[in-house]
Amino acid sequence: MPVPDYAEILADVEDLIRRFIKNPVTIEEDTELVNGLGLDSLLVMEVIQEVEDRFDIFFPLNTLAEIRTVKDFVLQIQREIGG
Amino acid sequence: MGLFDKLANIAAARQGLEAFGVDPFNVVIEEILSPTEARIGGQPVLLAGTNNYLGLTFDPGCMAAACQSINAEGTGTTGSRMANGTYAGHLKLEEELATFYDCRKGIVFSTGFLANLGMITALAGPGDAILIDADCHASIYDGCRMSGADIIRFRHNSAIDMEKKLKRLGARTENTLIIVEGIYSMLGDRAPLKDIVALKRQYGGMLMVDEAHSLGVLGEKGRGMAEDAKVEADVDFIVGTFSKSLGGIGGFCVGNHPGLDLIPYASRPYIFTASPSPATIASTRAALPLLRDGVALRKQVWENATSLYTRLQQMGFKLGPEISPVIAVRLGAREESLAFWQVMLNSGVYVNLVLPPAAPSNSCLLRCSLSAAHTPAQIEKIAEVFSTTRAQLAG
C-alpha cells in the first residue's frame, strides 16, 4: 500500500474530525483541536482510536502533549506512518 | 496568563453547579451510622455508593484490632517505608497477602492509587510500551504518564482491538506492560481475562491486573477476577486496595517475579510518602481472613446486586452490561442527571453521580455499589427511590 502524503493525511483527518464535532466549522491546518474545534478529552481519544485504525499506526498518548493544531496532529501521524 | 487560568473550565462547571443549587462532589457525611447508613444534610440516608462491598468497616474484630494497635503503636508512623515507616505489622501484612495469593512476594503501599503509580513507574520507562484498556482508572493513566513509556490504549474490553495493538507492537512486546482491571469501576463489567491471557501468551508482554473492585467479590477465596477466571498463573502482577472490600485504606501488589524485590528501591510513590498507620495495617490484617473465608458475604453481595439490577432492569432503566456489585444507571443530559441525583438524596438514598470525562462514552451515570451489609428492605428502598424519582421528574 502506498504511503499517504501530508495532503492525503490532512484530508482524511479533516473527514474524520468532522464525524466527531457537532457544529459545522471550517477546519484549517492551524485550527486548534481543543480550543478551535471544541474536542474534549474523551472525543480526542475517540479520534485517536479512529486514526490508529485508519492508518494502522500507534498514536501513543504521551505524544499528545505536543499536539495543539490540526497540522501538529497530521505531522505526528506522518511520523508514525514513517516509522 | 495566570496559573489558575487553565482551570477556567472547572470554574465554569463549578459555577454551573452553584447555579443549579447542587454540588454532588462536596457531600458531607455528618455522621456515619453503619456500613449502609449515614446522616447527610440533617436527615438519615441509605448509602448505596460506598464500595464497601463486604460491609467490613464496622466489623467488631477489625475495629478492636485498630484500637488495640493505636494504644500499642500510636496514631501514625510519621515516615516512609524506606526510612522509619516499616513496622513489624507492615511486613506481616505483606507476608499474609503473599500467602493469601499463594505468591512469593507482597508489597504494601499507602493507597491503592499509589500502588498503581508505584508499580507502573517502577516497571516501565522511556522506550517501553504500556498497553491499557481505555476504561482503566485515573491512577493507571497517571502512572503511565509518569513512567515516560509509550501509552497505547485498546478499546474497552475488546480482545480484538488488543490483539491488533499487540501485532503492531511486534518485537516491542518484550518491553510491554499490559494493564487491565478485574471489574471496571464505572460500569461494573468484567475484563475478558481468559482472552487477554491467551493473547499475552501468544504475543508476549507482562500482565498487571488491578483487582480494586473485584477483590473480595470474585473467586472462591475472594482473590478477584484472575482467580475467578482461573488464570492467576498467567498474571504477573496483581494490584489491589484495602479501601473497598477490606474496609480500610492502603494498596498492595503481589506476584512471583523475583524482580519485585527491587520495587521498594525503585518506586518513588513507595519511597517518598508516609507508610500506612499502624491502625490501618491492624484492621486490614484482621479483615483479610474475613474476606478469604467470607463465602457467605460474597454470596450475599451478589444476591443483593442481582436483586437491584433485576429490579432496575424491569423498571426500564438503562444499565451497565452485566450484573455486578457496581451497578451503573445510564441517564441523559447533565442537568437531568444532577436533578435525579439530588431528588434521590432528598428521598434518602445516596448514590455516586458520575459525569464525563469520569464516565465512559460521554454518558452521565448514577453509580450504585452494593454491599453484603445491605438488607433486602434497603435494596427495595433503593429501587423504589429510583422509580419515584423518575416519576417525580417526569411529572
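Residues numbered from 1 in each chain as written. Chains lettered and ligands numbered in written order. Predicted model: local features only at pLDDT ≥ 70, side-chain atom pairs only at ≥ 80, totals over all residues. Heavy atoms only, no water.

1. Examining the sheet that holds strand β3 (residues 43-47) of chain B
All names here are of chain B.
So, point 1. Strand order in this open sheet of four strands is β1-β2-β3-β13, and the pairing throughout is mixed. Single-partner strands in this sheet number two, and they are β1 (31-34) and β13 (349-350).
So, point 2. Relative to strand β2 (residues 37-40), β1 runs antiparallel, the two being bridged by three bridges. By the bridge assignment for β2, I32 is matched with A38. (Pairing = 2+ DSSP bridges. Helix = DSSP H or I, 4+ residues; strand = E, 2+ residues; numbered from the N terminus.)

2. Side note on unusual backbone geometry
Residues and elements named next belong to chain B.
So, point 1. For N157, which is not glycine, the phi dihedral falls at a positive 60 degrees.
So, point 2. Along the chain, the position of N157 falls in the loop between β6 (150-154) and α6 (159-169).
So, point 3. Positive phi values are uncommon outside glycine, yet K230 reaches one of about 55 degrees.
So, point 4. Residue position: K230 is located in the loop between α8 (225-228) and β9 (237-241).

3. Side note on the domain arrangement of chain B
Residues and elements named next belong to chain B.
So, point 1. Taken domain by domain, chain B holds domain 1 (15-54 + 294-394) and domain 2 (60-292).
So, point 2. Of note, the centres of domain 1 and domain 2, computed from C-alpha atoms alone, are 27 Å apart.
So, point 3. Contacts between the two partners involve 22 residues from domain 1 and, on the opposite side, 22 residues from domain 2.
So, point 4. Counting the surface domain 1 buries against domain 2, the share from its top three residues, Y53, R298 and E322, is 29%. (Domains from an automatic or database assignment. Contact = heavy atoms within 4.5 Å. Buried area = accessible area lost by both parts, 1.4 Å probe.)

4. Topic: the sheet that holds strand β12 (residues 326-331) of chain B
Residue and element names in this part refer to chain B.
So, point 1. Read from one edge of the open sheet, four strands run β11-β12-β15-β14, paired in antiparallel fashion. Of all the strands in the sheet, the pair left with one neighbour each is β11 (318-319) and β14 (352-354).
So, point 2. Note that β14 and strand β15 (residues 364-369) share three bridges and pair antiparallel. Bridge assignment links V354 to a residue of β15, and that residue is L365.

5. Some remarks on the interface of chain A and chain B
So, point 1. Listed by partner, the interface residues are 16 residues for chain A and 18 residues for chain B.
So, point 2. At the boundary of chain A with chain B, total buried surface from both sides reaches about 1,400 Å², with 49% on carbon and sulfur atoms.
So, point 3. Here chain A is connected to chain B by six salt bridges.
So, point 4. Note that R168 of chain B and D56 of chain A form a salt bridge whose closest N and O atoms lie 2.5 Å from each other.
So, point 5. Connecting chain A to chain B are 12 residue pairs in polar contact (both at pLDDT 80 or more).
So, point 6. In terms of residue class, the side of chain A that touches chain B is made up of eight nonpolar, three polar and five charged. (Salt bridge = Lys/Arg side-chain N within 4 Å of Asp/Glu carboxyl O. Polar contact = N/O pair within 3.5 Å; in protein donor to acceptor, adjacent residues only side chain to side chain. Nonpolar A, V, L, I, M, F, W, Y, C, P; charged D, E, K, R; others polar.)

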